[in-house]
Amino acid sequence: MTDTKSNAMWGGRFAAGPDAIMEAINASIGFDKRLARQDIDGSRAHAAMLAHQGIVDVKDADAIREGLLTVLSEIEGGNFAFSTALEDIHMNVEARLAELIGAPAGRLHTARSRNDQVATDFKLWVRAQMDAAMEGLEALVRALLGQADAGADWVMPGFTHLQTAQPVTWGHHMMAYVEMFGRDLSRFRDSRARMNECPLGAAALAGTSFPIDRDMTATALGFDRPAANSLDAVSDRDFALEFLAAATICAMHLSRFAEELVIWSSAQFRFVTLSDRFSTGSSIMPQKKNPDAAELIRAKIGRILGANVALLTVMKGLPLAYSKDMQEDKEQVFDAADTLMLALAAMEGMVRDMTANRDALETAASSGFSTATDLADWLVRELDMPFRDAHHVTGALVKMAEDAGCDLPDLSLAQMQRVEGRITEGVYDVLGVHNSVASRMSYGGTAPVQVRAQIARWKERLA
């Protein structure tokens, strides 16, 4: 009767009682099997080093290295039976290796621990994800450069507060995102360089008494150097946190761009047309073309930011060196990496396929008194008027045009001179949107010549 009550308390999922609970909470093989290739690469490098140093017989090391390749082929071929009882990828691989080659498999774990092993595996995996993210970002930047190149002199409204501010060019707007994603690229590069130290050889936490060569294993695995402190090497997850931090900022940028694409593709704006490949229809409204890919990209930051917060929370109270809490470091990183790569690929596809509506952009650029600042600047330059006075005069002219139901260029010279008698015909040279954007020649400005210079700079940088 007692056993029945106990089992009922644990719930039907754990009919075997507390032992099943412990196995379920302790095992990580359900997710860390994604580290199989990294685990085997690390073990093969370790075995080669042990043989080189005379710690393990060369014949045994060769058998280990060949056996590990067989294990990898079984895993990648889908012919490997993972066991929850063996807890993790490391023990699953080692157990299968023992079945394949016998006693020599027991020598593989000489001079290492699961602590430095998992830190090495995870670093290798995160490093590969950083490389993939950088590749995805470069592809997105190239797609944006293509859009910028095509529309370097197409005028459109620039916004602040989502209200018409000043005219800019389509190319300039696209290049703003090139700069954003370029910073993301540099964050991943910086993080990758900083993380590229090898934990292998730190063992459980204190190093090892065996005469290992940590430089050899670090070089074999593509690291710049061994990690310098064994305590830190096994307890460090900064590399994963930096990946998540960079991924979160990148996802935020993707979300901002996605929001603009949602707005721009609406019937009210018609700035862009998204391709059918990245849009869906409505189940009831036949006229609808929904920007679902952009909306989903906009939502993805929730998962990535959540992963970042989750891992920070796991790590924040842990004393040195390793604690089992750190087993909770992987699932959220795996999910964030998958999510980021999908969002990057979808955004690149949307940018490559989308068509900007040049006429709608120009019509919108000419509305909302977008050249008011150009008028104020003209008053300062031509009439030597203090800017604050010019601002006041321009405001009065905007009010006059608003009351008349027209835009600033539509006001007659006589109307303007009723507000400021010194205004001349020359003012009309700055009131057109094309004149406005062409005048913004400061470095980083929206003038087409400046936009093309920035496009050329980025193409050279990527080359």
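Basis of the calculations
Residues numbered from 1 in each chain as written. Predicted model: local features only at pLDDT ≥ 70, side-chain atom pairs only at ≥ 80, totals over all residues. Heavy atoms only, no water. Pairing = 2+ DSSP bridges. Helix = DSSP H or I, 4+ residues; strand = E, 2+ residues; numbered from the N terminus. Patch = residues over 30% accessible without salt bridge, like charges linked within 9 Å, V, L, I, M, F, W, Y side chains within 5 Å. Areas by Shrake-Rupley, 256 points an atom, 1.4 Å probe, with all protein chains shown as cover. Salt bridge = Lys/Arg side-chain N within 4 Å of Asp/Glu carboxyl O. 1 Å grid on protein atoms, 1.4 Å probe; cavity = no way out; pocket = protein on both sides within 12 Å on 5 of 7 lines; lining within 4 Å. Points joined across faces, edges and corners; volume = space filled by probe spheres on them. Nonpolar A, V, L, I, M, F, W, Y, C, P; charged D, E, K, R; others polar. Buried < 20%, exposed > 50% of the residue type's maximum accessible area, 1.4 Å probe, protein only.

> What am I meant to see in the pairing of strand β2 (residues 163-169) here?
For a regular strand, the rule is simple: side chains alternate between the two faces of the sheet. Bridging between strand β1 (residues 155-160) and β2 involves five bridges; their strand directions are antiparallel. Within the sheet, the bridge partner assigned to Met156 lies in β2 and is Val168. Two successive antiparallel strands, β1 and β2, enclose a turn made up of two residues, where His161 displays a positive phi of approximately 60°.

> Explain a nonpolar patch on the surface here, please?
A cluster of nonpolar residues, Leu205, Leu231 and Leu320, forms a patch on the protein surface that exposes about 270 Å² of accessible area. Within the element layout of this structure, Leu231 appears in helix α10 (residues 230-235).

> What should I look at first to understand the layout of surface pockets in this one?
Empty pockets left among the atoms are what a rolling probe the size of a water molecule brings to light. Each pocket or cavity is described by its volume, and for the largest pocket that value is around 560 Å³. If you trace the largest pocket, you find 21 residues lining it, with Gly158, Phe159, His173, Ala176 and Glu260 closest to the centre. Elements with a minimum of two residues in the lining of the largest pocket: β1, β2, α8 (170-195) and α11 (238-264). Partitioned by chemical class, the residues of the lining of the largest pocket number 10 nonpolar, seven polar and four charged.

> So what exactly am I meant to see when it comes to the pattern of salt bridges here?
Side-chain pairs of opposite charge can arise whenever the charged atoms involved come near each other. Per the counting criterion, the structure on display carries 25 salt bridges. In this structure, Asp60 engages Arg107 in a salt bridge whose closest nitrogen and oxygen atoms are separated by 3.2 Å. Taken together, the residues Asp60 in helix α5 (residues 58-76) and Arg107 in the loop between α6 (89-101) and α7 (114-150) connect sequence positions 47 residues apart. Assessed through its relative accessible area of 45%, Arg107 is described here as partly exposed. Put simply, Asp329 and Arg237 hold a salt bridge, and the shortest N to O gap is 2.6 Å. Of the two residues, Asp329 is situated in the loop between α12 (292-315) and α13 (331-353) and Arg237 in the loop between α10 and α11; the sequence distance between them amounts to 92 residues. Accessibility classification places Asp329 together with Arg237 in one group, the buried group. Members of the salt-bridge network, linked through shared partners, are Glu74, Arg96 and Glu99.

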